[in-house]
Amino acid sequence: MRYRIPLAVLTGILAALCFVALFSGATALVWAGIGGLVILIAWVVVFQMLYRRGY
């Protein structure tokens, strides 16, 4: 429970970095942004599952 706020802040920062990379225009950064968003979505799903199970 005490990790929720730091995880939320970290998730927000990672999302902002992914969106900046996604819309930067450089091809390599766009692919990095797409990959980062996929990992970010998986990150949120996993932590939601763990939170619901009481971890």
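Residues numbered from 1 in each chain as written. Predicted model: local features only at pLDDT ≥ 70, side-chain atom pairs only at ≥ 80, totals over all residues. Heavy atoms only, no water.

### A closer look at the packing of helix H1 (residues 4–22) against helix H2 (residues 27–53)
As a packed pair, H1 and H2 sit with axes 7 Å apart at the nearest point and diverge in direction by 160°. The angle between H1 and H2 falls in the class roughly antiparallel. The chirality of how H1 crosses H2 is left-handed. When H1 is examined against H2, the residues Arg4, Leu7, Leu10, Thr11, Leu14, Ala15, Cys18, Phe19, Ala21 and Leu22 are found in contact with a partner set consisting of Leu29, Val30, Gly33, Ile34, Gly36, Leu37, Leu40, Trp43, Val44, Phe47 and Tyr51. In terms of residue class, the contact of H1 with H2 is built from 17 nonpolar, three polar and one charged. (Axes fitted to C-alpha atoms, helices over the stretch in contact; angles between N-to-C directions. Helix = DSSP H or I, 4+ residues; strand = E, 2+ residues; numbered from the N terminus. Parallel < 35°, antiparallel > 145°, perpendicular 65-115°, else oblique. Left-handed = near helix turned anticlockwise from the far one by under 90°. Contact = heavy atoms within 4.5 Å. Nonpolar A, V, L, I, M, F, W, Y, C, P; charged D, E, K, R; others polar.)

### Observations regarding the packing of aromatic side chains
The full count for this structure, using the stated rule, is two aromatic pairs. Relative to Phe23, the ring of Phe19 has its centre 6.3 Å away and its plane inclined at 10°; by these criteria the two rings are stacked. Among the residues examined, Phe19 registers a relative accessible area of 42% and is labelled partly exposed. Consider the rings of Trp43 and Phe47, whose centres lie 4.9 Å apart with planes at 55°: the pair is tilted. (Phe/Tyr/Trp six-rings, centres within 6.5 Å; stacked < 30°, edge-to-face > 60°. Buried < 20%, exposed > 50% of the residue type's maximum accessible area, 1.4 Å probe, protein only.)

### Considerations on H2
Compared with the 39 Å implied by 1.5 Å per residue over 27 residues, the 40 Å span of H2 between its first and last C-alpha is a close match. When we look at burial in H2, the residues that qualify are Gly33, Gly36, Leu37 and Leu40. Elements that come into contact with the buried residues of H2 comprise H1. One or two residues past the end of H2 sits Gly54, with phi positive at roughly 100°. (Expected span 1.5 Å × (residues − 1).)

### As for the environment of Gly12
Checked against the element boundaries, Gly12 lands in helix H1. Residue classification places Gly12 among the partly exposed positions, given a relative accessible area of 39%. Placed 28 residues apart in sequence, Gly12 and Leu40 show a C-alpha to C-alpha distance of 9.6 Å.

### A few points about the nonpolar core
Core analysis: the biggest nonpolar cluster contains five residues, these being Ala15, Cys18, Leu22, Leu37 and Leu40. If you list the elements that add at least two residues to this core, you get H1 and H2. Residues in contact with Leu40, not counting those within four places in the same chain, are Thr11, Leu14 and Ala15. (Core = buried A, V, L, I, M, F, W, Y, C linked by side-chain atoms within 4.5 Å.)

So yeah, pure geometry; function would need other evidence.
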